[in-house]
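One letter stands for each residue in the lines below.
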2 protein chains.
Amino acid sequence: MLKTLKIPEATIMRLSVYSRFLAEADRQGIVTISSGEIAEGVGVSPAQVRKDLAYFGEFGTRGVGYNVKDLYWHIIKILGLNTTWPMVIIGAGNLGTALSMYGGFRERGFKIVGIFDIAPHKIGYRLNGVEIYSMDRLAEIIEREKAQIAIIAVPADQAQIVADELAKTSIRGILNFAPRVINVPDHIEVRNVDLTVNLEILTFNLAFRKNLKAYQEA
Amino acid sequence: MLKTLKIPEATIMRLSVYSRFLAEADRQGIVTISSGEIAEGVGVSPAQVRKDLAYFGEFGTRGVGYNVKDLYWHIIKILGLNTTWPMVIIGAGNLGTALSMYGGFRERGFKIVGIFDIAPHKIGYRLNGVEIYSMDRLAEIIEREKAQIAIIAVPADQAQIVADELAKTSIRGILNFAPRVINVPDHIEVRNVDLTVNLEILTFNLAFRKNLKAYQEA
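Residues numbered from 1 in each chain as written. Chains lettered and ligands numbered in written order. Predicted model: local features only at pLDDT ≥ 70, side-chain atom pairs only at ≥ 80, totals over all residues. Heavy atoms only, no water.

Q: Lay out the interface of chain B and chain A in plain terms, naming residues and giving numbers.
A: Listed as interface residues are 59 residues of chain B and, on the opposing side, 59 residues of chain A. Across the chain B to chain A interface the summed buried area is about 5800 Å²; carbon plus sulfur atoms make up 71%. Put simply, chain B and chain A have 4 salt bridges between them. Between arginine 20 of chain A and glutamate 200 of chain B there is a salt bridge, and its shortest N-O distance comes to 3.1 Å. Remark: the boundary between chain B and chain A carries 16 residue pairs in polar contact (both at pLDDT 80 or more). (Contact = heavy atoms within 4.5 Å. Buried area = accessible area lost by both parts, 1.4 Å probe. Salt bridge = Lys/Arg side-chain N within 4 Å of Asp/Glu carboxyl O. Polar contact = N/O pair within 3.5 Å; in protein donor to acceptor, adjacent residues only side chain to side chain.)

Structure, rendered in structure tokens:
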């Protein structure tokens with residue numbers, strides 16, 4: 001168990017990707033799969049797949065491969081997804097609304113149990129069946145729904161104010177979509193979602209291909 | 001130049017993060033910075049910072065460190081961000097609207113030049129100053145605005161239809177927010193944004209901490 005303390009974050013991200021690939025393989029009726037097939041399906045090396053899985057013990061049978069269903073459920077359990085995670089969203093603007101309707105969350109066990117906003121005319125309405133509450137009910141609803149995760153989807157200049165409010169509740173993890181670093185007590189983990197990073201990998205590749213072409217033609 | 005063919009994607013992602021950290025350091029008036037300071041600021045090892053930068057030649061002076069402004073601009077150039085990237089968004093729903101208002105894009109040189117939707121009542125309106133066009137003007141506007149990047153922000157069942165339409169234009173890179181794999185010709189690069197991966201790193205850590213506590217108390 002202590003071994004998992006040293007698991008790289010990139011491994012966790014890849015496990016998340018592997019599990020989606022395995023779910024798709026299972027839907028297609030595939031029973032066993034090799035590390036090479038997983039590797040090809042998700043675009044990493046077979047050695048990487050084996051190394052990532054080895055953090056969590058021995059899987060699969062040499063020459064036979066992995067049982068798709070078993071491996072899927074094992075990874076789901078590792079990721080803590082063999083349970084439902086009640087979650088709140090702070091901010092009922094466009095981003096909060098889009099996130100409240102994002103089907104991918106429910107699929108993986110994330111259940112939005114409340115949305116919070118400061119605009120009086122939004123309070124009491126529902127987004128995708130979930131009620132919009134005023135910010136002064138934040139701690140009450142989080143406790144009632146046993147939510148441990150909060151998504152911050154407010155403008156940048158409101159992010160720290162919201163983080164401070166969340167720090168007074170039983171929230172333990174924050175996904176921050178606001179383009180601003182937030183400070184929280186040590187017992188809360190923050191993950192910042194930066195929507196531009198993916199764009200910048202695209203531009204690197206586009207710019208590089210152009211450079212390469214110029215280089216080859218020179 | 002050919003060396004860059006083998007640069008890991010994780011390095012490009014970290015360069016993007018380093019550049020943001022350097023921009024902030026520059027705003028604070030810091031002139032030189034060590035790899036250790038960059039490493040601490042962004043949460044990786046100093047060796048990783050040096051290795052990432054080494055892909056692109058020699059920087060910095062031993063014992064002195066890097067010039068913040070120089071390194072910032074060098075990375076910006078590597079990422080292809082020393083220019084403006086005209087970009088279109090397909091889908092004027094909640095996610096498309098949220099993305100059209102996302103300040104982080106403009107900051108890094110991404111300029112939204114058109115938003116497309118199939119709903120007749122949305123056509124002609126503006127989001128954050130950018131016109132919403134009907135889908136049948138996709139190729140025309142992309143050519144006129146010289147857009148090379150498109151963001152897909154439509155429901156999952158519309159994603160491939162939109163991808164097929166984009167494949168007929170001069171678009172070279174797609175950022176896909178729809179939770180569905182899309183197929184495009186080889187000359188177009190696709191990046192899928194999966195909003196749940198970050199949540200699953202949180203749940204792994206939350207589930208693991210609980211397990212660790214149980215383990216320590218046993």
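Structure shown, so let's carry the discussion forward.
Q: An account of the relation of the copies chain B and chain A is needed here, citing residue identities and associated values.
A: Each copy of the sequence occupies a distinct position, and chain B is placed on chain A by a rotation of 180 degrees and an axial shift of 0.0 Å, giving an RMSD of 0.0 Å. Overall, the copies show the geometry of a two-fold rotation axis. Considering only C-alpha atoms, the part of chain B nearest the rotation axis is asparagine 94 of chain B, at 2.6 Å. The residues that chain B uses at the interface reappear at the interface of chain A in 100% of cases, marking a shared surface. (Least-squares fit on C-alpha atoms with pLDDT ≥ 70 in both.)

Q: Describe in detail the pattern of salt bridges, supporting the description with residues and values.
A: When their charged atoms lie close together, side chains carrying opposite charge are able to pair. In total, this model carries 20 salt bridges over all chains according to the counting rule given. Note that arginine 14 of chain B is salt-bridged to aspartate 52 of chain B, the shortest N-O span being 2.6 Å. One end of the pair, arginine 14 of chain B, is in helix α1 (residues 9-27); the other, aspartate 52 of chain B, is in helix α3 (residues 46-54), with 38 residues separating them in the sequence. Of the two residues, arginine 14 of chain B and aspartate 52 of chain B, both sit in the buried class. Through salt bridges with shared partners, one network takes in Arg20 and Arg108 of chain A together with Glu200 of chain B. (Helix = DSSP H or I, 4+ residues; strand = E, 2+ residues; numbered from the N terminus. Buried < 20%, exposed > 50% of the residue type's maximum accessible area, 1.4 Å probe, protein only.)

Q: Give a detailed account of the packing of helix α1 (residues 9-27) of chain A against helix α4 (residues 68-78) of chain A, specifying residues and quantitative values.
A: All names here are of chain A. One can describe the packing of α1 onto α4 by two numbers: an axis separation of 9 Å at closest approach and a directional angle of 145 degrees. Seen from above, α1 lies across α4 with left-handed handedness. Only Val68, Lys69, Leu71, Tyr72, Ile75, Ile76 and Ile78 of α4 make contact with α1, whose side of the interface consists of Leu15, Tyr18, Ser19, Leu22, Ala23, Ala25 and Asp26. For the contact of α1 with α4, a count of residues per class yields 11 nonpolar, 1 polar and 2 charged. (Axes fitted to C-alpha atoms, helices over the stretch in contact; angles between N-to-C directions. Left-handed = near helix turned anticlockwise from the far one by under 90°. Nonpolar A, V, L, I, M, F, W, Y, C, P; charged D, E, K, R; others polar.)

Q: How would you summarise the sheet that holds strand β6 (residues 130-134) of chain A if you had to cite specific residues and measurements?
A: All names here are of chain A. Sheet architecture is open: 7 strands sit in the order β5-β6-β4-β3-β7-β8-β9, paired in mixed fashion. Two strands lie at the open edges of the sheet, namely β5 (126-127) and β9 (189-192), each paired on one side alone. Taken together, the 2 bridges between β5 and β6 define a ladder with antiparallel strand orientation. Each residue of the ladder has a partner; that of leucine 127, found in β6, is valine 130. Packed on one face of the sheet, helix α8 (residues 159-167) meets β3 (85-90), β7 (149-152) and β8 (173-176) and runs near 165 degrees to β7. (Pairing = 2+ DSSP bridges.)

Q: Pulling in residues and values, what's your account of the confidence of the model for chain A?
A: Atomic detail in the predicted coordinates should be set aside for any region of low pLDDT. Summing up the model confidence of chain A, the mean pLDDT is 87 and the portion of residues at 70 or higher is 93%. Ranking the elements of chain A by mean pLDDT puts helix α9 (residues 195-217) of chain A last, at 74, and helix α7 (residues 138-145) of chain A first, at 98. (pLDDT = per-residue confidence, 0-100.)

Q: Could you give an account of the nonpolar core, naming the residues involved and the relevant values?
A: In this structure, Leu15, Leu99 and Phe105 of chain A together with Leu15, Leu99 and Phe105 of chain B are the most contacted members of the largest nonpolar core, which totals 102 residues. Beyond its immediate sequence surroundings of up to four residues, leucine 15 of chain A is in contact with Leu53, Phe56, Ile75, Ile78 and Leu79 of chain A. (Core = buried A, V, L, I, M, F, W, Y, C linked by side-chain atoms within 4.5 Å.)

Q: Lay out the UniProt feature "domain: CoA-binding" (unreviewed entry) in chain A with the relevant residues and their values.
A: Mapped onto this numbering, the UniProt entry annotates "domain: CoA-binding" (unreviewed entry) at residues 80-181 of chain A. Overall, residues 80-181 of chain A shows 28% helix and 28% strand. The separation of its end C-alpha atoms is 26 Å. (UniProt positions renumbered as here; feature names shortened; annotations may be inferred.)

Q: Summarise the UniProt feature "binding site: NAD(+)" (unreviewed entry) in chain A; cite the residues concerned and give the values.
A: In this numbering, the UniProt entry assigns the feature "binding site: NAD(+)" (unreviewed entry) to Gly91, Ala92, Gly93, Asn94, Leu95 and Gly96 of chain A. Counting through the fold element by element, asparagine 94 of chain A comes out in helix α5 (residues 94-100). What asparagine 94 of chain A contacts, discounting residues up to four positions off in sequence, is Asn94, Thr97, Ala98 and Met101 of chain B. Turning to its location among the elements, glycine 96 of chain A is positioned in helix α5. Residue classification places glycine 96 of chain A among the buried residues on the basis of a relative accessible area of 0%. The contact partners of glycine 96 of chain A, leaving out residues within four places of it in the chain, are Ile89, Gly91 and Ala153 of chain A.

Q: Hey, could you go over the sheet that holds strand β6 (residues 130-134) of chain B for me, with residue numbers and the actual values?
A: All names here are of chain B. Taken together, 7 strands build an open sheet; the order of strands is β5-β6-β4-β3-β7-β8-β9 and the sheet is mixed. One side of each edge strand has no neighbouring strand; the edge strands of this open sheet are β5 (126-127) and β9 (189-192). Of the strand pairs in this sheet, strand β3 (residues 85-90) and strand β4 (residues 110-117) are connected by 6 bridges, and their pairing is parallel. The partner of valine 88 across the bridge, within β4, is glycine 114.

Q: Tell me what's going on with the environment of valine 193 of chain A, and back it up with residues and numbers.
A: With respect to the element layout, valine 193 of chain A can be found in the loop between β9 and α9. Taking C-alpha positions, valine 193 of chain A is 7.9 Å from alanine 178 of chain A, a pair spaced 15 residues apart along the chain. When neighbours within four sequence positions are excluded, valine 193 of chain A is seen to be in contact with Leu175, Asn176 and Phe177 of chain A together with Tyr102 and Asn198 of chain B.

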